[in-house]
Amino acid sequence: MTLDAKIPAGPLAEKWSKHKFNLKLVNPANKRKYDVIVVGTGLAGASAAASLAELGYNVKAFCFQDSPRRAHSIAAQGGINAAKNYQNDGDSVYRLFYDTIKGGDYRAREGNVYRLAEVSVNIIDQCVAQGVPFAREYGGLLDNRSFGGSQVSRTFYARGQTGQQLLLGAYSALNRQIHLGKVKMFTRSEMLDVVTIDGQAKGIITRNLITGEIDTHTGHAVLLCTGGYGNVFYLSTNAIGSNVTAAWRAHKRGAFFANPCYTQIHPTCIPVTGDHQSKLTLMSESLRNDGRVWAPKTVAIAEQLRKGQIKADQVKEDDRDYFLERKYPSFGNLVPRDVASRNAKEMVDDGRGVGGSGFAVFLDFADAIKRLGKDAVSAKYGNLFDMYYQITDEDPYTQPMRIYPAVHYTMGGLWVDYNLSTNIPGLYALGECNFSDHGANRLGASALMQGLADGYFVIPYTLGDYLATIGPKPVDAKHPAFEQTKQDVVARINKLLALKGTKTVNEFHRDLGHIMWEYCGMARTAEGLTKGKGLIQALRADFWKNALVVGANDEVNNALERAGRVADFLELAELMVDDALMRNESCGGHFRLESQTPEGEALRDDEHFAFVAAWEYKGDNQPEVLNKEVLDFEFVHLTQRSYK
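Residues numbered from 1 in each chain as written. Predicted model: local features only at pLDDT ≥ 70, side-chain atom pairs only at ≥ 80, totals over all residues. Heavy atoms only, no water.

### Brief notes about the overall build of the protein chain
Looking only at helices and strands, one finds 18 helices and 21 strands in the protein chain. In terms of overall size, the protein chain behaves like a compact globule, its C-alpha atoms giving a radius of gyration of 24 Å where 644 residues would be expected to give roughly 26 Å. Overall, the C-alpha framework of the protein chain stretches about 75 × 60 × 50 Å when taken along its three principal axes. Relative to its full complement of 644 residues, the protein chain shows a buried share of 61%. Pairs at least 24 residues apart make up 75% of the contacts formed inside the protein chain by residues separated by at least 6 positions. Carbon and sulfur atoms provide 50% of the accessible area of the protein chain, an area that totals close to 24000 Å². Charge centroids of the protein chain, computed over 73 positive and 74 negative side chains, lie 3 Å from each other. (Helix = DSSP H or I, 4+ residues; strand = E, 2+ residues; numbered from the N terminus. Rg over C-alpha atoms; globule rule 2.2 N^0.38 Å. Buried < 20%, exposed > 50% of the residue type's maximum accessible area, 1.4 Å probe, protein only. Contact = heavy atoms within 4.5 Å. Areas by Shrake-Rupley, 256 points an atom, 1.4 Å probe, with all protein chains shown as cover. Lys, Arg positive; Asp, Glu negative; His and termini not counted. Charge placed at Lys NZ, Arg CZ, Asp CG, Glu CD.)

Listed below in C-alpha cells is the structure:
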C-alpha cells in the first residue's frame, strides 16, 4: 500500500502556513454540531480537548485515572524545548529542526519536524499566559538550560517539575471547558476498542473501571492521546498504568503501527535493586548540565567500590574516566540519550560498573557544588536530589549519584500523516501515541514540546479539514457496528476472566520484560531477536493457558485491567522484534551489533532503510504486512552522526 504523508510542497519554512490556508474550515455555528472524542488527558490530550472545546466543538474526554492531572505527563522533569534564542547563543527554528532531525538519526520526516520547531515558540507564550511558573534569570526573562544533542540553551524549565507544571496549565484550561459544559469528562474509563463504520472511525467502546459497565460512545472523530508503550519492558520509567491498549486495539482495527522497534533508553535512571521493583525512577537529563558522568579507570578500583571498601569521593581524579567528555569533546556529557546510554553499558560490560550490582556509573556534582555553591545547585535541582535521597538513602550533595540506562520513551507508534491522521479516516493520534517527529531517537525536552504542539497548535487546524469534509450529520448510535464491537469487547473480557491458571498476570509481564530487555533492548542481534521471538510466542501461548485472573467484571478488578494490557503487550512485543529483525541497520535507539562503525557508533544503511516501517495487522497469529513510507530529505544532507 502506498502511504501518503500529505507533506505540503514548497519551501520548508512555508509548508505549514500554506497548508493551514488550504485546509477547509468549519464555521463557528457549525462547530457546535460536531462531537469529538479525546482518549487520554496528558499534555497532548488535555491541550487538544481544551483547544477544540474553546473553538466550539463538543468534546468527550476519557482517562483511566481518577483525574486528568494524574496523567504520566506529570512525571516529566527537566524541561521543554523552544527556539526562542533568549540566550542569544545562535539558536533558531532551523537549528532546532536540524538538531531534532540529526538527533533522530535521520529517520524522521523533515516537514513534521520543521513544523514542530516552528510552533515551539508559541507553546512557551501559551504556557506563560496560563501561569506556568518557568524559571527566570536575574533580569526577569525566562531562563534556559542545555539538554543532550544540542550546543545551545533552549530548554525552558520549572526546577525538576516541568511536566507537572505544564500539565497543571493544560488541566486548568481543560477544567474551564468542563465548567462551561463544552467538555464532558469521563474518568476511570478505559478505551477497549474503536468503532469503524464504512472505514471511518465513529466512536469507541469503554469499560467503567469502577462498575465494569461496557459503554459505547459516538463521535465524528476519535483522537488517541494515550502515550507510549515502554511498559512492554515491565521495568521502565513509565507509570505502572501506562499501556498500549488503546493504540493496539486501533491497530487491530486497521491502523498501521509504525517503527515499533524504536525504543529510547534513558541514560540517567536510578539503577534497579531487585525483583521486587515494578518500575524505575528517572533522574532528569538536565542533571547532565552540571553533573559529570564517570566510571573507574580500572576493574580493580571498580571492584573495591562494589564491595564498599572505598567510597566514590576517595577515588583519585587520575583514576576516574570521564568517558563522555573523553570520547565526545564537542558535546561532552550532553550527547544524545542513545549515545550516553550505550557508553554507560560499555563501561559496565568492561567490568567497570559501580554499585552493589555493578550495573551503574556515577553522576558527580562535586565540581558544580564547588563552582556554584550548594544553594545554587539546590535551586536548580533540589527536588531531584531529594527524590534520589528518598529512594536510595544516599546524599547526592556529598556522594555521586549512581545511574544506569532504563527504558523511557517510545519513538514508534501509530502511523499518521502530516495532519496527524492515521490511515483510518477520522482516527487521529497525538503526542507519544504517534511516531511522527522523533525518528529513531528523541532529544531530551522534546516530548513535552510535541505533545503540546499537537494539541494546541496542530490538531485544531487539521481536524477541522476532515470534519468539514464529512459534514455534521449525527453519528447513528444504533448502527450495528457499535453493538458488534461491544460484543467483541465483552467476549474478550470473558475470555480473560475464564483464565484460572496458577501464574499471575504480573509474573507473565515480568517474564516478558526480561525477554525484551535481553533480546530487544540496548543492543540487538539477528540471533538474539530470533530467539526472543520464539520465547515471546511461547510465553503468549502459556499466558492463555496458565494465567490467573481473579474476580468478576462488574466490580473494581485490577487483575482484569492488568490482564488485558499484558495480553496486548504480548502481541506488540512480537511485532517489535519483527521490526527490529527487518531493520538490518543501526540508527538511534535501534542498535544492531552487526551494524556499527569501527568506533562503536550506530551505522545506518540509508540505501536500504531510509523509510518508515508501517505494519498492517492481518489477523491473530498471522504475519503482519510491512508498508514503507520513503523518507525524502530535501533540506538536510544525510551524514553519519557525530558528536565528537
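From this point, the discussion proceeds with the structure in view.
### Side note on the packing of aromatic side chains
Within the structure shown, the criterion is met by 23 aromatic pairs. Here the aromatic rings of F331 and Y643 are separated by 4.8 Å at their centres, their planes lie at 85 degrees, and the arrangement is edge-to-face. Taken as a pair, F331 in the loop between α9 (323-327) and α10 (337-349) and Y643 in the segment after β21 (625-630) lie far apart in primary sequence, 312 residues in all. On the accessibility criterion, Y643 (4% relative accessible area) is buried. An angle of 50 degrees between the planes, with centres 4.6 Å apart, marks the rings of F385 and Y397 as tilted. You can see F385 sitting in helix α12 (residues 374-392) and its partner Y397 sitting in the loop between α12 and β15 (401-410), a full twelve residues away along the chain. Accessibility assignment for this pair places F385 and Y397 in one class, buried. A connected cluster of aromatic rings, assembled from ring pairs, spans F365, Y381, F385 and Y397. Over the ring of Y643 we find K102, and its NZ or CZ is 4.4 Å from the ring centre. (Phe/Tyr/Trp six-rings, centres within 6.5 Å; stacked < 30°, edge-to-face > 60°. Lys NZ or Arg CZ within 6 Å of the ring centre and 35° of its normal.)

### A closer look at helix α14 (residues 480-497)
For α14, built from 18 residues, the straight-helix expectation of 26 Å at 1.5 Å per residue is met to within 8% by its first-to-last C-alpha distance of 26 Å. Residues A481, F482, T485, V489, R492, I493, L496 and L497 constitute the buried set of α14. End-on view of α14: buried residues confined to an arc of 150 degrees, all on one side of the axis. Those residues of α14 that are buried are in contact with β6 (189-197), β7 (200-208), β8 (214-218), α7 (245-252), α16 (526-546) and α17 (558-582). (Expected span 1.5 Å × (residues − 1). Arc of directions from axis to C-beta.)

### A word on the pattern of salt bridges
Counted by the stated rule, this structure contains 45 salt bridges. Measuring nitrogen to oxygen at the nearest pair gives 2.7 Å for the salt bridge that ties R306 to E303. Taken together, the positions of R306 and E303, both in helix α8 (residues 299-306) and three residues apart, correspond to about one turn of that helix. Exposure remark for R306: the relative accessible area of 23% places this residue in the partly exposed category. Residue classification places E303 among the partly exposed positions, given a relative accessible area of 31%. When the shortest N-O distance is used, the salt bridge between D349 and K345 registers 2.8 Å. Residue D349 and its partner K345 are both found in helix α10; the two are separated by four residues, about one turn of the helix. Its relative accessible area of 24% is what places K345 among the partly exposed residues. Here the salt bridges share partners, and the residues they tie into one network are D105, R107, D338, R342, R583, E585, R604, D606 and R641. (Salt bridge = Lys/Arg side-chain N within 4 Å of Asp/Glu carboxyl O.)

### Observations regarding the sheet that holds strand β20 (residues 611-616)
The strand order β16-β10-β20-β21 describes an open sheet built from four strands, whose pairing is antiparallel. Edge positions in the sheet fall to β16 (413-414) and β21, since each has one partner strand and no second. The pairing of β20 with β21 spans six bridges and is antiparallel. Note that in β21 the partner of E616 across the bridge is V625. Lying on the sheet, α17 is in contact with β10 (257-258), β20 and β21; it crosses β20 at an angle near 145 degrees. (Pairing = 2+ DSSP bridges. Axes fitted to C-alpha atoms, helices over the stretch in contact; angles between N-to-C directions.)

### Some points on the packing of α14 against α17
Running from N to C, α14 and α17 cross one another at 105 degrees; their axes reach a closest spacing of 10 Å. One finds that α14 runs roughly perpendicular with respect to α17. Contacts from R492, I493, L496 and L497 in α14 reach L560, A563, G564, A567 and D568 in α17. For the contact of α14 with α17, the per-class residue count stands at six nonpolar, one polar and two charged. (Parallel < 35°, antiparallel > 145°, perpendicular 65-115°, else oblique. Nonpolar A, V, L, I, M, F, W, Y, C, P; charged D, E, K, R; others polar.)

### Side note on the nonpolar core
Membership of the largest hydrophobic core comes to 149 residues, with the highest contact counts inside it found for I80, L223, M516 and F543. No other element matches the 13 residues that α17 contributes to this core. Not counting the four nearest positions on each side in its chain, M516 is found in contact with V232, F233, G521, I536, A573, M576 and V577. Membership of the second largest hydrophobic core comes to 28 residues, among which are A295, F331, V377 and I403. (Core = buried A, V, L, I, M, F, W, Y, C linked by side-chain atoms within 4.5 Å.)

### Things to note about unusual backbone geometry
Within the chain, Y234 stands out as a residue other than glycine whose phi angle is a positive 65 degrees. Within the secondary structure, Y234 is located in the loop between β9 (221-224) and α7. Relative accessible area serves as the criterion here: at 6%, Y234 is assigned to the buried category.

### A few points about the pairing of strand β2 (residues 58-62)
For β2, a buried count of four out of five residues is recorded, marking the element as mostly surrounded by other parts of the structure. As judged from the five bridges shared by strand β1 (residues 35-39) and β2, these two strands associate in the parallel manner. Within the sheet, the bridge partner assigned to V39 lies in β2 and is F62. What joins β1 to β2 is helix α3 (residues 43-55), and the crossover it makes is right-handed. (Right-handed = clockwise from strand over helix to strand, strands pointing away.)

### Topic: the environment of A541
Inspection of the secondary structure assignment puts A541 in helix α16. Using a relative accessible area of 40% as the deciding quantity, one classes A541 as partly exposed. For the pair A541 and A117, spaced 424 residues apart in the sequence, the C-alpha separation amounts to 45 Å.

### Focus: the pairing of β1
Among the five residues that make up β1, four are buried, leaving the element largely enclosed by the rest of the structure. The sheet contact formed by β1 and β9 spans four bridges and is parallel. Its bridge partner lying in β9, V39 is registered against L224.

### What to know about the sheet that holds β9
Read from one edge of the open sheet, five strands run β5-β2-β1-β9-β17, paired in parallel fashion. The sheet terminates laterally at β5 (183-186) and β17 (427-429), the two strands that pair on one side only. Between one strand axis and the next, the sheet turns by 20 degrees as a mean value, whatever way the strands run.

### Description of the side chain of R524
Along the chain, R524 falls in the loop between α15 (505-519) and α16. A distance of 3.1 Å separates a polar atom in the side chain of R524 from the backbone oxygen of G521. Sequence-distant contacts of R524, defined by excluding residues within four places in its chain, comprise C261, T263, Y519, L529, A580, G589, H590, F591, R592, L593 and E594. (Polar contact = N/O pair within 3.5 Å; in protein donor to acceptor, adjacent residues only side chain to side chain.)

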